[in-house]
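# Summary of structural features
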Amino acid sequence: ALGRTLFNLGGAIDNEVWGQFGDFIGGIVGTLISYISVRLLVRNLREQMKSNQQQAESNSQNAKVFELQQFNEMYKLLFNQYQDTISNYRYGSDLTGQKAIAAIAKDIMLHGGTINGGTYQERESKALSIYDSFYVNYHDVAPVHFRIIYRIFQLIDEAEISDTQRRDVAKIMRSQLSEEELFLLRYNCKSPYGVKMRLYLNRYNLQKHLPVLSLL
């Protein structure tokens, strides 16, 4: 055993043996390389899927931010138009804006004191007749006023925002409406002019702070 030759460098090369040895090594190395390649591919796919998911979440978040910005801009535009419309009310020679609306509502309530009738329907019909007179006398501003209020609450209702945000914005807008406006809005919704507004009047409880004694 001690005299045995480990490597015979002077002998002839056996191509068949070396071929089998090469196939053996190639099989092992090739399999290992294939395994490593598959693992790297799986890892890359997972990283790509994670990246795609993060990108999708980022795009979704950006879309929500963009929609909120659009909502804010539209709400701001409509609210500015609402304030401009309020300022266009006139009563007498010196009252404008909310003071004019308060005086107009007071006049309507005084006329309401003359209402009589045997049934609720009869009294309501006469109340709407009194309201129609106001609507005709202020045809240059009243229709615009109530259409803008309708558009504001339609915007709030259809906005892609959370229910909590929707309620908060609706409360903010409701707080801007004076008792006199709520009084006029009530009868506008009872008339043919405000049919579409009835949904938002009830959904957002706009009459919540309207005193019962303020009705015709």
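Rules and cut-offs
- Residues numbered from 1 in each chain as written.
- Predicted model: local features only at pLDDT ≥ 70, side-chain atom pairs only at ≥ 80, totals over all residues.
- Heavy atoms only, no water.
- Helix = DSSP H or I, 4+ residues; strand = E, 2+ residues; numbered from the N terminus.
- Buried < 20%, exposed > 50% of the residue type's maximum accessible area, 1.4 Å probe, protein only.
- Contact = heavy atoms within 4.5 Å.
- Areas by Shrake-Rupley, 256 points an atom, 1.4 Å probe, with all protein chains shown as cover.
- Salt bridge = Lys/Arg side-chain N within 4 Å of Asp/Glu carboxyl O.
- Phe/Tyr/Trp six-rings, centres within 6.5 Å; stacked < 30°, edge-to-face > 60°.
- Lys NZ or Arg CZ within 6 Å of the ring centre and 35° of its normal.
- Core = buried A, V, L, I, M, F, W, Y, C linked by side-chain atoms within 4.5 Å.
- Expected span 1.5 Å × (residues − 1).
- Arc of directions from axis to C-beta.

A word on the overall build of the chain. Secondary structure summary: the chain contains seven helices and two strands in total. Reading the chain from its N terminus to its C terminus gives the helix and strand order α-β-β-α-α-α-α-α-α. For the chain, with 216 residues in total, the buried portion stands at 30%. Of all intrachain contacts in the chain linking residues separated by at least 6 positions in sequence, the fraction that spans at least 24 positions is 67%. Per element, the accessible surface of the chain, about 15,100 Å² overall, is 55% carbon and sulfur.

Once that is clear, we can look at the pattern of salt bridges. All told, the structure shown has three salt bridges when counted by the stated rule. Its salt-bridge partner being glutamate 124, residue lysine 190 comes within 2.7 Å of it at the nearest N-O pair. On the criterion of sequence distance, the pair formed by lysine 190 in helix 6 (residues 179-190) and glutamate 124 in helix 3 (residues 120-137) is long-range, its members being 66 residues apart. With a shortest N-O distance of 3.8 Å, aspartate 163 and arginine 166 are connected by a salt bridge. Pair noted here: aspartate 163 and arginine 166 are both in helix 5 (residues 163-176), with a separation of three residues, about one helical turn. Its relative accessible area of 14% is what places arginine 166 among the buried residues.

Going through the model one piece at a time under the given rule, you end up with eleven aromatic pairs. Their ring planes at 35° and their centres at 5.7 Å tell us that phenylalanine 79 and tyrosine 82 sit as a pair that is tilted. Remark: tyrosine 82 and phenylalanine 79 occur in helix 1 (residues 15-87); sequence separation between them is three residues, near one turn of the helix. The pair phenylalanine 79 / tyrosine 82 is uniform in exposure class, with both members buried. Each member of the aromatic cluster is reached from another via a ring pair, and the members are Tyr89, Tyr131, Phe134, Tyr135, Tyr138 and Tyr193. Over the face of the ring belonging to tyrosine 187 we find arginine 186, whose NZ or CZ atom lies 5.5 Å from the ring centre.

What follows deals with the nonpolar core. Membership of the largest hydrophobic core comes to 48 residues, with the highest contact counts inside it found for Phe134, Phe153 and Ile156. Where this core is concerned, the elements lending two or more residues are helix 1, helix 2 (97-112), helix 3, helix 4 (142-158), helix 5, helix 6 and helix 7 (198-203). Not counting residues within four places of it along the chain, the set of residues in contact with phenylalanine 134 comprises Tyr89, Ile104, Ile108, Ala142, Phe146 and Leu184.

With 18 residues, helix 3 extends 26 Å from end C-alpha to end C-alpha; this agrees with the ideal 26 Å at 1.5 Å per step. What helix 3 keeps buried is the set Ala127, Leu128, Ile130, Tyr131, Phe134 and Tyr135. Viewed along the axis of helix 3, the buried residues span an arc of 160°, placing them on a single side of the element. Among the exposed residues of helix 3, those pointing more than 90 degrees away from its buried face are Gln121, Val136 and Asn137. Looking at the buried residues of helix 3, the elements they touch are helix 2, helix 4 and helix 6.

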